[in-house]
Amino acid sequence: MPGDRPIPSHNAKPGGAPSPVPPHAHLSAEGLRLEGDRKRTENWKRWGPYLAERQWGTVREDYSADGDCWTYLPHDHARSRAYRWGEDGLLGITDRECRLCFALALWNGKDPILKERLFGLTGPEGNHGEDVKEQYFYLDSTPTHSYMKALYKYPQAEFPYARLVEENGRRSRADPEFELTDTGIFDQDRYFDVFAEYAKAAPNDILVRITVVNRAATGATLHLLPTAWFRNTWAWGCTHDEGRWPRPRLWREGDGVLGAEHVTLGRWRLAADDAPGGGRPPLLFTENETNRQRIFGVPNAGAYVKDAFHEYVVAGRADAINPEGAGTKGAFHCTLQLPARGTATIRLRLSAEDAPESRDASAFGPAFDQVFDKRRAEADEFYSASIPPSTSPDERRIMRQAYAGMLWSKQF
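Quantities reported herein were computed from a predicted structural model and do not represent experimental measurements. (Residues numbered from 1 in each chain as written. Predicted model: local features only at pLDDT ≥ 70, side-chain atom pairs only at ≥ 80, totals over all residues. Heavy atoms only, no water.)

## Regarding the pattern of salt bridges
Summed over the entire model, instances satisfying the criterion amount to 41 salt bridges. The partner of Glu35 in a salt bridge is Arg38, with the nearest N and O atoms 2.7 Å apart. Of this pair, Glu35 and Arg38 both sit in helix α1 (residues 29-38), 3 residues apart, which is roughly one turn of that helix. Judged by its relative accessible area of 55%, Arg38 falls in the exposed class. A salt bridge links Arg400 to Asp380, with the shortest nitrogen-to-oxygen separation between them at 2.7 Å. With Arg400 in helix α9 (residues 393-408) and Asp380 in helix α8 (residues 366-386), this residue pair connects regions lying 20 residues apart in the sequence. Taken together, the salt bridges that share partners define one network made up of Glu30, Arg33, Arg375 and Glu378. (Salt bridge = Lys/Arg side-chain N within 4 Å of Asp/Glu carboxyl O. Helix = DSSP H or I, 4+ residues; strand = E, 2+ residues; numbered from the N terminus. Buried < 20%, exposed > 50% of the residue type's maximum accessible area, 1.4 Å probe, protein only.)

Shown next, in the form of structure tokens:
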């Protein structure tokens, strides 16, 4: 992993992307998957990186009277306000209709908020316009997303939200932009590398491997919350099909197992393996509902709201989460104590209820990592036919990561 040579992705995700499919790709395992998807005999593209990493402050969530998308739903509202038309999260995935979502949330013990999505400047805030101020990298993906890998670099010191806004606001269009790396936040390697890898054992059986590396010369603690939630399609008084869907639900199905049910997706299970140090990580639950008290100053409809995990982890409010173990947003709370240069790995599995592998003791056995090895080898095979043999090793790495950037940028 330290050998990865990431190319930064500084901008919010654009729309869909072309897939690099050569005429003879059907000869490879990935080519066969593409052919099955094209013929609709196998739904290999049902799940993918279609989750935006930034939904706030965009025209996608502008319901304002004046059309000012920059200020209508700012970053400060995002953790507390349910979106209507999409969702966002760090290095996450969703189904092709953005019903059930999965992404990472992080807290370094210093930040004022739980890190659940990318931070950036809106058009009026940036001296060169809109810009994401983060360090994240799309490292690999196949066209069917049978294998994907991405990296987020998370500082161990308090994230400089206010400084990024203030300094870029002070600069003119003739000045360079003030980036996250300019703040010194990564000095002395005081950051975590958070790698998210996905491998599909089958179209409805997705293996997740999250690897956290402490790059610092001293020990550090990271709170990692792999989170699943349903997009809120029930709170808007709609009359079309989405508005008529029964309210979906998540629940604690057992030790380290989160159950999920949606009328059009069926029943799913998100299972977690033992955390480093032993034992399944505890599950937290809330509702993907707007915290109307915080945003609008009016009473909430219920006791549990979208920003409950922030309140629980960062503010220490035990009453913020649902003790009954149910809701429309759930997370495993992993507290990782990482020594200097240390590494920890969390394994999860998102599977349809009828996928037997998600139930038995072998769900996280040796076959789990073997699926990753196999899918990565199949990705190598696919790209060996897609990238001209005349290119140099460096050019091949650049092209492959360029494909990864396009493929990770698909969006619901």
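## Some details on the pairing of strand β6 (residues 136-141)
In terms of residue burial, β6 counts as a mostly covered element, since 6 of its 6 residues are buried. As judged from the 5 bridges shared by β6 and strand β7 (residues 147-155), these two strands associate in the antiparallel manner. Bridge pairing in β7 links Tyr138 to Ala150. Counting the residues in the hairpin turn of β6 and β7 gives 5 residues, including His145, whose phi is positive at 60°. (Pairing = 2+ DSSP bridges.)

## Some points on the side chain of Asn232
In this structure, Asn232 sits in the loop between β10 (220-230) and α5 (241-244). The class of Asn232 is buried, set by a relative accessible area of 1%. Within the structure, the side chain of Asn232 is placed 2.9 Å from the backbone oxygen of Asn288, a separation counted as a polar contact. Among all residues touching Asn232, those that are not within four sequence positions of it are Ala82, Tyr83, Arg84, Glu87, Asn288 and Glu289. (Polar contact = N/O pair within 3.5 Å; in protein donor to acceptor, adjacent residues only side chain to side chain. Contact = heavy atoms within 4.5 Å.)

## As for the packing of aromatic side chains
The geometry of two aromatic rings is summed up by the distance between their centres and the angle between their planes. Scanning the model with the defined rule gives 16 aromatic pairs in all. Each ring, one from Phe119 and one from Phe159, has its centre 6.2 Å from the other, and the planes form 80°; the classification is edge-to-face. With Phe119 in the loop between β3 (100-107) and β4 (120-121) and Phe159 in the loop between β7 and α4 (161-170), the pair connects residues that are 40 residues apart, well separated along the chain. What makes Phe119 buried here is its relative accessible area of 6%. Residue classification places Phe159 among the buried residues on the basis of a relative accessible area of 2%. (Phe/Tyr/Trp six-rings, centres within 6.5 Å; stacked < 30°, edge-to-face > 60°.)

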